[in-house]
Amino acid sequence: MESLKTFNMAGDMKGRSDCDLDIISMQCDNEARYRKQITITRPIFTEETFQEGYRISTSDSSATAKLRRSCTSNLSISGHGLCLAVLKFFPIIGWLKEYNWRKDIIGDVISGLTTAVMRIPQEMAYALLATVPAVYGLYSAFFPVILYAVLGTSKHISIGTWAVVSIMIGNAIDAVIDVELSNINNGTSEMAEMTSGISAEDNTMLRVQIATSLCLLVGIIQTLMGVLRLGFVTNYLSEPLVRGFTTGAAVHVFTSQFPKLLGIKTTRRTGVITLVYTYIELFTKLKQTNPCAVIMSVLALMMLILIAEMNDLQAHKSWCRREGRKGKKLPIPSELFVVICATLASFLGRFESRYNLSVVGDIPTGVPVPTVPSLRGSMSLFGSAFAMAIVGFAISISMAQLFAKKHEYEVEANQELIAYGSCHIFGSFFRCFPHATSMSRTAVQEGSGGKTQLAGIISALVVVVILLRLGPLFSQLPQCILGAIIVVALRGILRQIKDLPLLWKVNNVDFAIWLLTFLCVCLLGVDLGLLCGVGIALVTIVLRTQIPNSSIIGAIPNTDIYRDVARVPDAREIPGIKIFCFSSSLCFINADNFKNSLFQKVGINPQKLLIAKHKGDINKKLEYSHCDEEPRNNVHQVQTIIIDCCMFNYIDTVGVKTLQTLITDYDKVDIRVVLANCKETVRQSLLKSATLNKKEAIGLDRMYLTLHDAVADHMPSQKDDNFKHVEVKIQNEISYETGV
């Protein structure tokens, strides 16, 4: 059974009687294949004739105009707008107002307690990784978490210490101390008063001061980025780059824990090829291995890995949902269990004195008194602080967006920057060091039923209890146990190496970015490796922009579809017309490549032909001088070249001059060059170019709305006015009639 629908549409062309759009008929049936028939009649449009018939908005869409309008709207704030601004700056007001206490409070409490059980040993372990005492990790687990709950827009991420940022902190502190100690003798050190005659205790406090300064610098950088609306900067860190970087940094973290697992004291190094030197020293000191540390490390690793795999299996199988219950099984707190057992064993067996086993040491009770962090020597820390600010934000915002998408709410990147920066600045007054989002803790916080940042507040309150009352109980905790906790926590990051086979199949460039970034981080260090990774990613973008694909486009017979003749066998070149497509924007980087590709694909170099003509070597009409492929449709001499500009997102002055030169040169050899599918920004750039060279200005009469408009207007075999209309018939497939 067929149904017939007829629609008539008349476009307002300000008196142009030859413009009508008639959809004659559309037929559908209920069979597997529908038969449709559509006929469209309209005039051929250049941009000039189109704008004569239709009104075009004259609003300024340039970047400066957008910035001006944004500043104006931000400055003119009404009373209602002020309330919205306050709500936006303090997201806690919004989610507390809508909080369902009866439904969500139990999940947040359970999630907060579960995360706290995991947070306590991890925070102490990552503090040692940052070369500061373990208690400062607990400080970083309380103050920033409380403030983020007030300012952050994500409901599920767990703010605190993170392995990659901690290793960057340790490297930065070591580098600063090494440089400053080497400069003391010649009196050029900015921190000479702090580093002269340094003892072990003074060295610890110096490291804490440097870590605190780093925290303040990171906070200032992130806050300024948020105020300046620079949340988009992480777009320059592609996912392959970030994953390659974090995997390489995890190798550094993994290596740094080997001495603790074996009970060996090694020299901390920074700079290039530190991994090689570390492993060489490690193998030369294997005879100094502490048997007690090795035994405890092996037992801890076995227990942690076993329970971690059980937790993963539990999460994947979703036992509770299978049984029809709405609750979630809580993960087994393996870290806290191992810490309690190891601490009791170390205390009762007096491992520190009997077996010379390194332990955490004294953990003072109470919270620190706020002090103004020192910025002395901050210039030498700025590079490291900037890298930490970018890396920490990139990881945090990616995790926030991941869970926001899962739970159907939005996070605001610039507000997140302000929240992270404020947490760092606030925490620096309480001796915290730089932090970020922990992927493992975030997964636990969300997986155990967390609904809002109230779960983070509860976990922070548990940390306060540890700081006020229970801190000294962990003084006999062996450092090898914290090393084992860090190694097991790296499982998820190290598993990212599985990305390589998939990237190789999907995109070789992303594969190269991942692998080269990983190798640079491993061999050159974390900071320099990140810089090299960003450089590699930018180079790939430049190369792909400088040497893009180019092709000759042909028409699919009886359709209005145009495709690359080299890739689609059915595509046919149109007699007398060459359609050239360049798969990139046209700018100074690729202008020469664009011109040479055009000469090569079209087969006519007007400059060479003019030289030959002046010498008297050409006495006949111009034909192909060279061509990559033999013409497929018995193409005769070229009269028109159509440049498909659909891939041009922008064009700079060099690109404009290149087009002007090409048009002028081809006009001299009686070949007309026109443009099709020009975007608004490209059209404006071309029109403004008249101020550079009025004689060679590219007008709207050379720009066509579509490829088919340009083709239909330049078919050499059509001379009558009937050809100036395009008729399209669709019957199971699109058939295109142009009067040919």
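Caption draft 1: The arrangement of the pairing of strand β6 (residues 550-555) in detail. For β6, the tally of buried residues reaches six of six residues, placing the bulk of the element in the interior. Both faces of β6 are covered, namely the face carrying Ser550, Ile552 and Gly554 and the face carrying Ser551, Ile553 and Ala555. Judged from the four bridges that link them, β6 and strand β8 (residues 577-582) form a sheet pairing that is antiparallel. Across the sheet, residue Ile553 finds its bridge partner in β8, namely Ile579. Bridge count for β6 against strand β7 (residues 562-564) is three bridges, and the pairing is antiparallel.

Caption draft 2: Representation of the sheet that holds β8. Reading across the sheet, the six strands line up as β7-β6-β8-β9-β10-β11 and stay open at both edges, with mixed pairing between neighbours. Of all the strands in the sheet, the pair left with one neighbour each is β7 and β11 (703-704). Together, β6, β8 and β9 (640-644) form the strand contacts of helix α26 (residues 591-602), whose direction differs from that of β8 by roughly 145°. Here helix α28 (residues 653-668) sits on the sheet in contact with β9 and β10 (672-676), set at roughly 145° to β10.

Caption draft 3: A look at helix α15 (residues 334-349). Taking 1.5 Å as the rise per residue, α15 with 16 residues should run 22 Å; its terminal C-alpha atoms sit 22 Å apart, in good agreement. Remark: Arg350 follows α15 within two positions and exhibits a positive phi of approximately 50°.

Caption draft 4: Structural detail: the packing of helix α7 (residues 143-151) against helix α18 (residues 413-428). The contact between α7 and α18 brings their axes to 9 Å, and the two run at 150°. Classified by the angle between their axes, α7 and α18 sit roughly antiparallel to one another. You can see that α7 and α18 cross each other, and the crossing is right-handed. Here α7 contributes Phe143, Pro144, Leu147, Tyr148 and Leu151 to the contact with α18, which in turn contributes Gln415, Glu416, Ala419, Tyr420, Ser422, Cys423 and Phe426. Taken together, the residues of the contact of α7 with α18 sort by class into nine nonpolar, two polar and one charged.

Caption draft 5: Structural view of the pairing of β8. By the criterion of burial, β8 is predominantly enclosed, with six of the six residues buried. Where β8 meets β9, five bridges bridge the pair, whose relative direction is parallel. Along β9, the bridge assignment pairs Cys581 with Asp644.

Caption draft 6: Seen up close, a nonpolar patch on the surface. A cluster of nonpolar side chains, Leu82, Leu84, Val86, Leu87, Phe89, Phe90 and Ile93, forms an exposed patch at the surface whose accessible area comes to about 570 Å². Tracing the chain through its elements places Leu82 in helix α3 (residues 79-89).

Caption draft 7: View of the side chain of Asp665. Within the element layout of this structure, Asp665 appears in helix α28. The buried charged residue Asp665 lacks any salt bridge, with Lys668 as its nearest oppositely charged partner at 4.4 Å. When neighbours within four sequence positions are excluded, Asp665 is seen to be in contact with Pro606, Gln607 and Leu610.

Caption draft 8: Examining the confidence of the model for the protein chain more closely. Residues with a pLDDT of 70 or more make up 79% of the protein chain, whose mean pLDDT is 80. Taken as a whole, residues 318-326 scores under 50 in pLDDT and shows eight contacts with residues more than four places along the chain or in a different chain. The low-confidence segment residues 718-740, where pLDDT is below 50, has 60 contacts with residues more than four positions distant or belonging to other chains.

Caption draft 9: The arrangement of unusual backbone geometry in detail. Its identity as a non-glycine residue notwithstanding, Arg229 has a phi of 60°, on the positive side. Locating Arg229 in the fold gives a position in the loop between α10 (200-227) and α11 (239-262).

Caption draft 10: The arrangement of the pattern of salt bridges in detail. Evaluation of the coordinates by the stated rule reveals 15 salt bridges. Among the ionic pairs, Glu123 bridges to Arg119, the shortest N-O distance being 3.0 Å. One end of the pair is Glu123 and the other is Arg119, both in helix α5 (residues 101-129) and four residues apart, which spans about a single turn. Judged by relative accessible area, Glu123 falls into the buried class, the value being 0%. Where Glu412 meets Arg229, a salt bridge forms, and the shortest distance between an N and an O atom there is 3.9 Å. Linking Glu412 in the loop between α17 (382-407) and α18 with Arg229 in the loop between α10 and α11, this pair joins segments that are 183 residues apart in sequence. For Arg229, a relative accessible area of 43% corresponds to the partly exposed category.

Caption draft 11: Up close: the packing of α7 against helix α20 (residues 454-470). For the pair α7 and α20, interaxial distance at closest approach is 9 Å and the crossing angle is 160°. Our classification of the angle between α7 and α20 gives roughly antiparallel. For the pair α7 and α20, the sense of crossing is left-handed. Of the residues in α20, those touching α7 at Val145, Ile146 and Ala149 are Gly456, Ile457 and Ala460. A per-class count over the contact of α7 with α20 returns five nonpolar, one polar and no charged.

Caption draft 12: Examining the environment of Pro331 more closely. If you trace the backbone, Pro331 turns up in the loop between α14 (319-322) and α15. For the pair Pro331 and Val444, spaced 113 residues apart in sequence, the C-alpha separation works out to 7.5 Å. Those residues within four positions of Pro331 in sequence are excluded, and the remaining contacts are Thr114, Asn311, Gln314, Val444 and Ser448.

Conventions we followed
- Residues numbered from 1 in each chain as written.
- Predicted model: local features only at pLDDT ≥ 70, side-chain atom pairs only at ≥ 80, totals over all residues.
- Heavy atoms only, no water.
- Buried < 20%, exposed > 50% of the residue type's maximum accessible area, 1.4 Å probe, protein only.
- Helix = DSSP H or I, 4+ residues; strand = E, 2+ residues; numbered from the N terminus.
- Pairing = 2+ DSSP bridges.
- Contact = heavy atoms within 4.5 Å.
- Axes fitted to C-alpha atoms, helices over the stretch in contact; angles between N-to-C directions.
- Expected span 1.5 Å × (residues − 1).
- Parallel < 35°, antiparallel > 145°, perpendicular 65-115°, else oblique.
- Left-handed = near helix turned anticlockwise from the far one by under 90°.
- Nonpolar A, V, L, I, M, F, W, Y, C, P; charged D, E, K, R; others polar.
- Patch = residues over 30% accessible without salt bridge, like charges linked within 9 Å, V, L, I, M, F, W, Y side chains within 5 Å.
- Areas by Shrake-Rupley, 256 points an atom, 1.4 Å probe, with all protein chains shown as cover.
- Salt bridge = Lys/Arg side-chain N within 4 Å of Asp/Glu carboxyl O.
- Lys, Arg positive; Asp, Glu negative; His and termini not counted.
- pLDDT = per-residue confidence, 0-100.

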